[in-house]
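So the chains spell out like this:
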Amino acid sequence: MRLLLICLLSFGLLTTCREVPQLDYTAEKTGTFAQAAIAGPHPKATEVGLEVLKNGGNAIDAAVAAQFAMAVVYPRAGNIGGGGFLVYRDKDGNSETLDYRERAPAAADRDMYLDEEGNVIPGLSTLGHRAVGVPGTVAGIEAMHQKHGSKPWGELVSYAIDLAENGFRLSQAEVDRLKRYHDDFVKFNDNSPFLDTLSVEGTLVQQPELAATLSRIRDNGAKGFYTGKTADLLVAEMKSGGGLITHEDLVNYEATWRTPIRKAYKDYEIISMPPSSSGGVALAQMVEMLEAYPLAEYGFQSAKAVQVTAEAMRRAYADRAEYLGDSDYYHVPIDSLLNDEYLAGRMADFRTDSAGSSDFIGAGLNAVRETYETTHISIIDAQGNAVSITTTLNGNFGSKVIVDGAGFFLNNEMDDFSAKPGVPNMFGLVGKEANAIQPGKRMLSSMTPTIVEKDGELFMVLGAPGGSTIITAVLQTLLNVVEFEMPLAEAVDAPRFHHQWLPDVILHEKTALGNGVKEELADMGYEFREVKYMAVIKALQRMQDGSISAAADKRNPDDDVAGY
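Residues numbered from 1 in each chain as written. Predicted model: local features only at pLDDT ≥ 70, side-chain atom pairs only at ≥ 80, totals over all residues. Heavy atoms only, no water.

Caption draft 1: A look at the UniProt feature "binding site: L-glutamate" (unreviewed entry) in the chain. Per the UniProt annotation, the sites labelled "binding site: L-glutamate" (unreviewed entry) are Arg101, Thr392, Leu393, Asn394, Asp416, Ser445, Ser446 and Gly467. Locating asparagine 394 in the fold gives a position in strand E12 (residues 386-394). Among the structural elements, aspartate 416 can be located in the loop between E12 and strand E13 (450-454). Here the side chain of aspartate 416 touches arginine 101 through a polar contact of 2.6 Å, side chain to side chain. (UniProt positions renumbered as here; feature names shortened; annotations may be inferred. Helix = DSSP H or I, 4+ residues; strand = E, 2+ residues; numbered from the N terminus. Polar contact = N/O pair within 3.5 Å; in protein donor to acceptor, adjacent residues only side chain to side chain.)

Caption draft 2: Spotlight on the sheet that holds strand E16 (residues 506-509). Spatially, three strands are ordered E15-E16-E17 in an open sheet, and the strand pairing comes out mixed. Strands with a single pairing partner mark the edges of an open sheet, and in this sheet they are strand E15 (497-498) and strand E17 (528-531). Bridge count for E16 against E17 is four bridges, and the pairing is parallel. Each residue of the ladder has a partner; that of leucine 507, found in E17, is arginine 529. (Pairing = 2+ DSSP bridges.)

Caption draft 3: Structural detail: the pattern of salt bridges. Summed over all chains, the structure comprises 30 salt bridges. Glutamate 96 is the partner of lysine 147 in a salt bridge, and the nearest nitrogen-oxygen pair spans 2.7 Å. Placement of lysine 147 in helix H3 (residues 137-148) and of glutamate 96 in strand E5 (residues 95-100) is noted, with a sequence separation of 51 residues between them. Residue class for lysine 147 comes out partly exposed when judged on its relative accessible area of 45%. Where glutamate 311 meets arginine 315, a salt bridge forms, and the shortest distance between an N and an O atom there is 2.8 Å. Of this pair, glutamate 311 and arginine 315 are both found in helix H13 (residues 303-323), four residues apart, which corresponds to roughly one turn of the helix. Owing to a relative accessible area of 1%, glutamate 311 belongs among the buried residues under this scheme. Judged by its relative accessible area of 1%, arginine 315 falls in the buried class. A cluster of three or more residues bridged by salt bridges with shared partners is formed by Asp99, Arg258, Asp326, Asp328 and Arg442. (Salt bridge = Lys/Arg side-chain N within 4 Å of Asp/Glu carboxyl O. Buried < 20%, exposed > 50% of the residue type's maximum accessible area, 1.4 Å probe, protein only.)

Caption draft 4: Spatial organisation of helix H11 (residues 279-290). With 12 residues, H11 extends 16 Å between its outermost C-alpha atoms, agreeing within 8% with the 16 Å of an ideal straight helix rising 1.5 Å per residue. Of all 12 residues making up H11, 12 are buried, and the element is well covered by its neighbours. Buried residues of H11: Gly279, Gly280, Val281, Ala282, Leu283, Ala284, Gln285, Met286, Val287, Glu288, Met289 and Leu290, and no others. (Expected span 1.5 Å × (residues − 1).)

Caption draft 5: Fine view of the pairing of strand E18 (residues 538-542). The buried fraction of E18 is high, at four of five residues. Of the pairings in the sheet, the one linking strand E14 (residues 457-463) to E18 comprises four bridges and is antiparallel in character. In the strand pairing of E18, glycine 463 is matched with lysine 538. The antiparallel pairing of E18 with strand E19 (residues 548-552) creates a hairpin that spans five residues between the two strands, and glycine 546 there sits at a positive phi of about 95°.

Caption draft 6: Highlighting the UniProt feature "active site" (unreviewed entry) in the chain. Under the feature "active site" (unreviewed entry), the UniProt entry names Thr374. The buried category is assigned to threonine 374, whose relative accessible area is 1%. Other than its neighbours up to four places away in sequence, threonine 374 contacts Ala77, Thr390, Thr391, Thr392, Met447, Ala464, Pro465 and Gly466. Polar contacts involving the side chain of threonine 374 include one to the side chain of threonine 392, which spans 2.7 Å. (Contact = heavy atoms within 4.5 Å.)

Structure (structure tokens):
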């Protein structure tokens with residue numbers, strides 16, 4: 001068998017590759033399990049989480065091991081160079097959230113992506129070293145383990161080290177993405193051995209530099225990332241490309257425990273992420289605005305159901321643009337935004353015979369001032385503890401910058417700030433003062449890790465990657481189950497639509513809005529744009545008999561479920 005003149009990049013990372021006849025995994029999309037279950041973005045990471053659960057680890061232990069594994073096998077989004085959010089509910093019903101979103105470096109300023117005339121410089125906030133926020137992933141994983149983990153830290157990190165050292169085989173989807181971004185990798189990584197001959201499906205990837213980085217984290221905890229050799233390599237990488245992150249930025253990073261967003265919807269209680277995520281607030285607003293309407297009677301993706309849902313989405317995203325940002329730096333009026341009377345008033349101008357207009361529907365309060373490359377993992381352990389975690393690099397492979405000598409990609413999360421009020425980011429989202437760039441501030445996110453109770457008992461765990469469509473995908477999946485009575489797998493795979501206030505169009509997948517619904521809404525004045533796919537849900541549902549239904553999304557070929 002001839003050797004490939006291999007292959008891709010070294011992911012800073014990839015150092016040895018050889019031709020392999022087949023993959024060593026198959027992604028399972030659905031399953032029903034008696035005691036514990038996990039739904040994640042890659043079979044190898046899911047396998048790691050399952051092994052931890054089978055060996056007596058709890059949901060947090062499985063999440064710790066799986067997150068580090070994702071940094072190895074899912075480099076386009078799984079990461080130690082990004083950040084994320086945790087929503088946690090223990091077996092007794094207590095819930096809390098952990099914010100380990102990236103932060104702006106101390107040298108950042110609100111106009112750092114503008115030219116002399118005050119215009120946004122294209123690409124500066126999305127590609128290269130200046131697009132990088134201070135990573136929070138490792139600090140977040142350590143914080144959740146210290147508070148709720150039961151297995152030794154070193155044992156949990158070692159799974160990822162083994163994967164990095166021994167290798168894993170690339171799926172065709174990952175090969176395709178590496179080809180797509182090859183030119184960007186070359187542009188921003190002078191010292192990375194990119195070759196012209198690209199890998200094929202089944203190529204074995206071994207990553208000794210990343211294994212060494214993970215070993216330092218295993219031995220020293222978060223200090224093994226934010227100080228010492230890894231920190232030196234990261235800061236050197238920043239200096240080489242004009243990035244802003246310093247040793248002081250790394251040492252000063254802290255993950256933050258926060259109070260969850262909670263909102264009742266009929267017999268259900270939704271538990272989700274507060275700012276610096278916009279997901280929990282927007283989701284809570286939408287379900288409250290929709291509760292008064294008989295969606296089940298209207299029917300799944302009927303014109304009536306789609307219209308009222310799109311109008312609730314429009315209003316929630318208008319509020320997102322005006323009021324939501326890092327609550328440590330900006331007063332976010334959460335109580336007012338989630339007030340029942342306020343939300344009822346938001347729908348007062350809704351008309352069933354015509355489209356609303358984002359020119360006239362803005363934020364509602366008076367005088368109160370992510371491509372889809374994210375990962376999500378949902379876990380329920382045998383004791384009934386539940387974890388919903390969403391993490392991200394923002395774009396595919398983040399900023400496309402690899403830390404030379406350390407083997408991991410860095411995020412491009414600075415694009416999630418409002419570089420200029422009213423100017424959309426890479427997902428088309430606009431923002432204002434609440435999400436302006438400020439040193440140390442966390443940029444606003446759409447990530448929506450969510451746990452749902454029914455009559456006080458654990459019912460669902462779900463979340464997704466998908467940029468601005470995450471929130472609406474979580475909403476629709478929940479409604480598909482509780483209103484339209486779909487089995488979980490059907491609810492996850494059902495076609496979706498999305499409205500985010502600006503632009504004033506309904507985005508939809510090809511198979512959505514059929515049976516004349518699109519035409520009926522067009523007659524009312526709605527405009528549409530078809531997209532290939534939207535957010536990629538990973539969900540678990542506790543069934544009446546106590547078993548767990550698990551569903552991974554067909555939109556991502558590598559999504560996987562497992563359990564026992």
